[in-house]
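# A look at the structure
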Amino acid sequence: MTTVSSLTPWLGSALLVSGVAVGVSRRRELLVRWCAWVVGLPVVTAAFWWGRPGVTLLAGVVAVIAVLEFGALTRLPRADRAVLAAAVPGLIVAAAWAPDQVWRVGAVGAFALAAVPLVTGDAEQGLRRLGTSLLGLVWLGTLAALAPLGTVALALFAAVSVADVVAFFTGQRLGGPLLSPLSPAKRWSGTLCGVVAGLGVLALLSAWSWPAAVAVAVGGPAGDLVESLVKRGAGAKDSGQWLAGAGGLLDRIDSLMGALAMVVVLG
């Protein structure tokens, strides 16, 4: 069984090796991103080491930040953002401590999101607000799977992160057909190389299973494209500007959310 203790040396080694590679490349943007990982990875690992309370707290904080970025991208009014910022963490808490109540909590959140444009009588933008809010609830609500999955989620996080980096660089070098018009920078060549690297990470971390493999191979790229769809609709390049070298938090967790959704669907 994969544990945080068994994963930590591998994650630390990966951070060290990537640091050497970044130093050799002498590319400033890569150095900035690596420094962000130096700060973020110990926080994530510590949360999983703490167990369910730590993962639930981490997922809740990440969810609130993600909701704020999503709300800004989609131009949701403050009232809609506030309800969504309560509904998604509600799902996370329910999944961690009362899993049999997840669907009920989700339904309450959906009704609350629907009530906001209804109460305000927004005939012009009400349908758009409702559809956008429900998308946010479903998409960002995948973070609720973090606590129940435990260390499997940490392994998925490592796998899709490596897959994203490999896909970015190999796609630039190899070229070829676009993965989707939604994301002009992503190529099939890079995506396939990234999938191979991600599956290799799962095997290396002893976290291999068919649901996890499909999550990395299909869910990760799909999650990336979902965020690209949202950003293109908003006319934005990144979900934010505050995260060093990476734009916003959604830009870092989009593949993870797709992978989590796939694992949940596959059971």
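A quick note: this is a predicted structure, and the numbers were derived from the prediction, not measured.

## So, the overall build of the chain
Of regular secondary structure, the chain possesses 11 helices and 0 strands. Walking the chain from its N terminus toward its C terminus, one meets helices and strands in the order α-α-α-α-α-α-α-α-α-α-α. Its C-alpha atoms give the chain a radius of gyration of 18 Å, within 12% of the compact-globule value 18 Å for 267 residues. Oriented by its inertia axes, the alpha-carbon framework of the chain measures out at about 60 × 40 × 30 Å. For the chain, the accessible surface area stands at approximately 13400 Å², while carbon and sulfur atoms represent 72% of it. Positive and negative charge centroids in the chain, built from 18 and 12 side chains respectively, lie 6 Å apart.

## Quick look at the side chain of Asp251
Mapped onto the secondary structure, Asp251 falls in helix H11 (residues 250–266). Relative accessible area serves as the criterion here: at 8%, Asp251 is assigned to the buried category. Polar side-chain contacts of Asp251 include one of 3.1 Å to the side chain of Lys231.

## What to know about a nonpolar patch on the surface
Together, Val214, Val218, Val265 and Leu266 give the surface a local cluster of nonpolar side chains, amounting to about 330 Å² of exposed area. The set of elements that each furnish at least two residues to the nonpolar patch consists of helix H10 (210–234) and H11. Structurally, Val265 can be placed in helix H11. Residue Val265 is classed as exposed on the basis of its relative accessible area, which comes to 68%.

## Observations concerning the layout of surface pockets
Counted as a void, the second largest pocket has a volume near 740 Å³. Forming the boundary of the second largest pocket are 28 residues, of which Trp103, Val138, Gly141, Thr142 and Val264 lie nearest the centre. Split into classes, the residues belonging to the lining of the second largest pocket amount to 22 nonpolar, 6 polar and no charged.

## Focus: the nonpolar core
Formed by 60 residues in total, the largest nonpolar core has its most connected members in Phe48, Leu140, Leu146, Leu156 and Leu250. Each residue touching Phe48, except ones within four places of it in the same chain, is listed here: Val4, Val55, Leu58, Leu146, Gly150, Thr151, Ala153 and Leu154.

## Considering unusual backbone geometry
Located in the positive-phi region is Arg75, a residue other than glycine, with phi close to 60°. Turning to its location among the elements, Arg75 is positioned in the loop between helix H3 (52–74) and helix H4 (78–97). One non-glycine residue with positive phi stands out, namely Ser206, at about 55°. Here Ser206 lies in the loop between helix H9 (188–204) and H10. Given a relative accessible area of 59%, Ser206 falls into the exposed group.

## Section: the packing of helix H5 (residues 102–120) against helix H6 (residues 126–140)
Running from N to C, H5 and H6 cross one another at 160°; their axes reach a closest spacing of 9 Å. The orientation of H5 relative to H6 falls into the category roughly antiparallel. Considering how the two elements wind past one another, H5 and H6 form a crossing that is right-handed. Of the residues in H6, those touching H5 at Gly106, Gly109, Ala110, Leu113, Ala114, Val116, Pro117 and Thr120 are Gly126, Arg129, Leu130, Ser133, Leu134 and Leu137. Across the contact of H5 with H6, the residue classes tally to 8 nonpolar, 5 polar and 1 charged.

## A look at H5
In this model, H5 (19 residues) spans 28 Å end to end at C-alpha, consistent with the 27 Å of a helix rising 1.5 Å per residue. The set of residues buried in H5 consists of Gly106, Gly109, Leu113, Ala114, Val116 and Pro117. Check the buried side of H5 and you find it contacts H4 and H6. Phi for Gly121, located one or two positions after H5, is positive at around 65°.

## Quick notes on the side chain of Ser133
Looking at where Ser133 falls in the secondary structure, it is placed in helix H6. For Ser133, a relative accessible area of 0% translates into the label buried. Contact partners of Ser133, with chain neighbours within four places excluded, come to Leu76, Asp80, Leu84 and Leu113.

So, how was this worked out
- Residues numbered from 1 in each chain as written.
- Predicted model: local features only at pLDDT ≥ 70, side-chain atom pairs only at ≥ 80, totals over all residues.
- Heavy atoms only, no water.
- Helix = DSSP H or I, 4+ residues; strand = E, 2+ residues; numbered from the N terminus.
- Rg over C-alpha atoms; globule rule 2.2 N^0.38 Å.
- Areas by Shrake-Rupley, 256 points an atom, 1.4 Å probe, with all protein chains shown as cover.
- Lys, Arg positive; Asp, Glu negative; His and termini not counted.
- Charge placed at Lys NZ, Arg CZ, Asp CG, Glu CD.
- Buried < 20%, exposed > 50% of the residue type's maximum accessible area, 1.4 Å probe, protein only.
- Polar contact = N/O pair within 3.5 Å; in protein donor to acceptor, adjacent residues only side chain to side chain.
- Patch = residues over 30% accessible without salt bridge, like charges linked within 9 Å, V, L, I, M, F, W, Y side chains within 5 Å.
- Salt bridge = Lys/Arg side-chain N within 4 Å of Asp/Glu carboxyl O.
- 1 Å grid on protein atoms, 1.4 Å probe; cavity = no way out; pocket = protein on both sides within 12 Å on 5 of 7 lines; lining within 4 Å.
- Points joined across faces, edges and corners; volume = space filled by probe spheres on them.
- Nonpolar A, V, L, I, M, F, W, Y, C, P; charged D, E, K, R; others polar.
- Core = buried A, V, L, I, M, F, W, Y, C linked by side-chain atoms within 4.5 Å.
- Contact = heavy atoms within 4.5 Å.
- Axes fitted to C-alpha atoms, helices over the stretch in contact; angles between N-to-C directions.
- Parallel < 35°, antiparallel > 145°, perpendicular 65-115°, else oblique.
- Left-handed = near helix turned anticlockwise from the far one by under 90°.
- Expected span 1.5 Å × (residues − 1).

Keep in mind these values describe shape, not function.
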